[in-house]
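One letter stands for each residue in the lines below.
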Amino acid sequence: MWFFHNPGLLGINARNLLYIKPYNPKKAVVLADSKIKTKNYLSARGVPVAKLYNVINNKKELGKFDFASLPNSFVVKPNAGFGGEGIIIIRARKGGNFVKENGSIMSMEDLSSHINDILDGRYSLAGISDAALFEQRLEAPKLFKKMSYKGLPDFRIVVHNLIPVMAMLRLPTESSQGKANIHMGGVGVGIDIAKGELTFATQYNKIIDSIPGFGEIKGIKVPHWEEILLIASRVQHVTNLGFAAVDIVLDKNMGPALLEINARAGLQVQVANMAPLRRRLERVQGIKVNTPEKGVRIAQDIFGQKIELKNDEFAGRTVIGNMEVVELIGKSGNKKIVAQMEPAIEKSILDKSVADTIGLGEAGKCKFTLMDQKVVTAVNTEDFKWESYDMLIGQRDLKHFLIDPMRNTPVLNSTAKKTPVIQRHFSEKDLLNIDQELSDIDGQIKLLGHLRPVNLKEEHAKFLMDPEYDPQFEYKALKFKPKNLYSRLQRLDFPNTPMGQLWQKKADEIKRKVELLEARGTSEFTQKSIALYGTIDKKLYQLAVKEVESMPKEFPAVGKKLTAKEAKKRFEKAIEGFGLKGWRVKLKEDLVSDAIAGKENTIFIKAGATFGEDRLKGTIAHEVETHVFTAMNGSRQPYKLFQRGLADYLMTEEGLAVYNQEKTESNETIKKYWGASTILGMDVALKGSFSEVYMKIVELGFGAERAWTVALKTKRGLANTSEAGAFTKDALYFRGYAMIVDYVKKGGDLKWLYYGKTNLEDLELVKKVKGLKPPLYLPGYLRGD
């Protein structure tokens, strides 16, 4: 991203102190934060808005709500949401289900569940109870629809003193999952305020030549541009927000319509326009503006890009970062140091001790090279003993350079004997962006969902008719583009810190996940699975054999069996008892496991599953006191990776879950030996067919249902299951359990495994990460109960 050396960029702290605090009264902010209040207030004052169909304020209303009263297409969104989170666009109905904007099907139960999340405050600004509203679904005009990936583009107008000072078009992309969200990978396009013409397109803080799937956009005129600006100014006028970002959409039928108001305007608009926002805000401060119409005229007069950046203005200019390594040339020798660019000062300044070392010339005469360009100048000297740089380069010496604030910041390694090592300096925002990007990429993969055969029911029925039949599995197309994810991973840069190493490992794991899914139904699938999850070694196999051989022929009677619905109530009671907010329990058909804690704060229970009393306690210990607890503790950490899961965390976590289950269950059941049976079944799968795995498990003394489950779990991912090969993930349970038992025997503290979804192998790195919070949720035996 190119910027002239310019102190006029607006940062978050300056925004908060100079514009939000003094110009945005609390009452106006409260109005802006509520979409319902905003819509009602502004529509009554003639501002065009999407039609509001209905509102659900609480769970009682949700239980009674008639979804048939809604039109076939609509939008559901949280009232106090932010960043586009929680918004679902329904474009049609299909039977009793809904068709989302991306074409996927959403059931009535899933939509109700999502609304339940909204009511619980999952997407609200403050995390408190919220309302769900149903709005008219708007459609972009044909031109802007072509520019966008599935979602609805919008225009963001920053307004101050009734004057629109800067604007951008936000385009949804595949990277942003169809949302007009710049931080998720959406495209920001600058707009010439005077002409309403599109200027620069940026993505991930970099200029891009064209819009993916569309082409070049520079010079395209925005329809209804003056009307859009006028709406933005009017909105500020009637809401009393002195500094606001007004989001407006263009609908193909109704034209411009207000989407929402933001009292805390983001700063990406500067990047899209290649212009500093603070300087523009300062220009309009104090101007007397009586009407929105006058505000728009002033904006077009002073902010139109009448002096556009021509290519020849860049000719001969070298792009540099805010900090660079320069080589000083002195009488006593040369020296490489770190210099900071400071265009706010005229004359460059050099550290006194450095000046003495190199032998500075008379009257401060100094020679240095910056990015292979030699500069001859005169400098002042000061003591920079406590600074991270040894030189400030002033405006006079920057005339042949352009400063790119996004460029990596160099740090000089003082231990280097010859050439200094340049490393990137990462701000806290950089670190959070890395964390968010990895979480977003990982969230798109949905590995187990992509490994569930779409013809599972049909193939199961064939197998029941003939146990020697080897199923022929088919899989749905990937819901993401591997090349896109690989590209996003490749763009990431990681700091050389413990946290940076954990992120790097996660990126490598994500790559292995994608490669595995690309190999479904091919001869490479097994090797890709082994690369991701490992395989069975001789020691593990012998341990499993020993375990199964020790299995008694008869087990104590289980007693009363609890249905899935009864188990659901017990899970819900446990969640409430542990004080776990935001988690829910759902029954689901066709689960491979009887119960599983999902990533979306949901515990799924197989609709037809039954549980003995003792086993249900163990399952709650497995799913809630392990998987849910680590997720909740991880959510308290400064980085999402601890909630999402460190690289290869599964073996540690599943081993811990089995360990907790063993400690909880008092009666021995055949299910205690399931982990060992999986190892023996997997050994057969690696060398033989689906039916051979099934027969092996039956021969070991397990029932037909367990035998089918082991065969399915070890053969999913293959197309022709008569061939040798396996999905090796489920070996993690038995291997992980053995690892946890060994860790405890050696005096290991299990509390460290509850800081989030961690990996025992990375525990030393975890201990070095700054700012981690001790686990809040722990099982009773670790709390000392």
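Residues numbered from 1 in each chain as written. Predicted model: local features only at pLDDT ≥ 70, side-chain atom pairs only at ≥ 80, totals over all residues. Heavy atoms only, no water.

Caption draft 1: Quick look at the sheet that holds strand β15 (residues 323–330). A sheet is described by the order of its strands in space; here seven strands give the open sequence β19-β18-β15-β16-β21-β17-β20, paired in mixed fashion. Of all strands in the sheet, those with a lone pairing partner are β19 (373–378) and β20 (380–382), marking the two edges. Between one strand axis and the next, the sheet turns through 35 degrees on average, direction left out of account. As defined by bridge partners, strand β18 (residues 365–370) adjoins β19 across six bridges and the pair is classed as antiparallel. Looking at β19, one finds that L370 is bridged to Q373. (Pairing = 2+ DSSP bridges. Helix = DSSP H or I, 4+ residues; strand = E, 2+ residues; numbered from the N terminus. Axes fitted to C-alpha atoms, helices over the stretch in contact; angles between N-to-C directions.)

Caption draft 2: Looking closely at the packing of aromatic side chains. Going through the model one piece at a time under the given rule, you end up with 22 aromatic pairs. Their ring planes at 70 degrees and their centres at 5.8 Å tell us that F74 and F134 sit as a pair that is edge-to-face. Taken together, the positions of F74 in strand β2 (residues 74–78) and F134 in strand β6 (residues 132–135) put the pair 60 residues apart, joining distant regions of the chain. Residues F74 and F134 agree in their burial class; the two are buried. For the ring pair W752 and Y755, a centre distance of 4.6 Å and an interplane angle of 15 degrees mean the geometry is stacked. Aromatic ring contacts, followed pair by pair, group F65, F67, F74, F98 and F134 into a single cluster. Lying over the aromatic face of Y41, R45 brings its terminal NZ or CZ to 3.6 Å of the ring centre. One residue, K588, lies across the ring of F604, its end atom 4.8 Å from the ring centre. (Phe/Tyr/Trp six-rings, centres within 6.5 Å; stacked < 30°, edge-to-face > 60°. Buried < 20%, exposed > 50% of the residue type's maximum accessible area, 1.4 Å probe, protein only. Lys NZ or Arg CZ within 6 Å of the ring centre and 35° of its normal.)

Caption draft 3: Region of interest: helix α26 (residues 704–715). For α26, built from 12 residues, the straight-helix expectation of 16 Å at 1.5 Å per residue is met to within 8% by its first-to-last C-alpha distance of 16 Å. In terms of burial, α26 is largely enclosed, as 10 of its 12 residues are buried. Every buried residue belonging to α26 is among R706, A707, W708, T709, V710, A711, L712, K713, T714 and K715, and all of these are buried. Buried residues belonging to α26 abut α15 (456–465), α24 (674–687) and α25 (690–699). (Expected span 1.5 Å × (residues − 1). Contact = heavy atoms within 4.5 Å.)

Caption draft 4: Local environment of the pairing of strand β16 (residues 333–341). When β15 meets β16, the two strands line up antiparallel, connected through eight bridges. What sits directly across from I329, in β16, is N334. Hairpin connection between β15 and β16: a loop of two residues separates the two successive antiparallel strands. In the sheet, β16 pairs with strand β21 (residues 391–393) via three bridges, with the strands oriented parallel. Its bridge partner being in β21, M341 is matched across the sheet by I393.

Caption draft 5: Spatial organisation of the side chain of R137. For R137, the location among the structural elements is in the loop between β6 and α6 (142–147). Among the polar contacts listed, one links the side chain of R137 to the side chain of E101, at a separation of 3.2 Å. (Polar contact = N/O pair within 3.5 Å; in protein donor to acceptor, adjacent residues only side chain to side chain.)

Caption draft 6: Summary view of the environment of L18. Structurally, L18 is set in helix α1 (residues 12–23). Separated by 756 residues in the primary sequence, L18 and P774 have C-alpha atoms spaced 37 Å apart. Non-local contacts of L18, meaning those with residues more than four positions away in its chain, are made with Y23 and R278.

Functional significance is not addressed by these values, which are geometric in nature.
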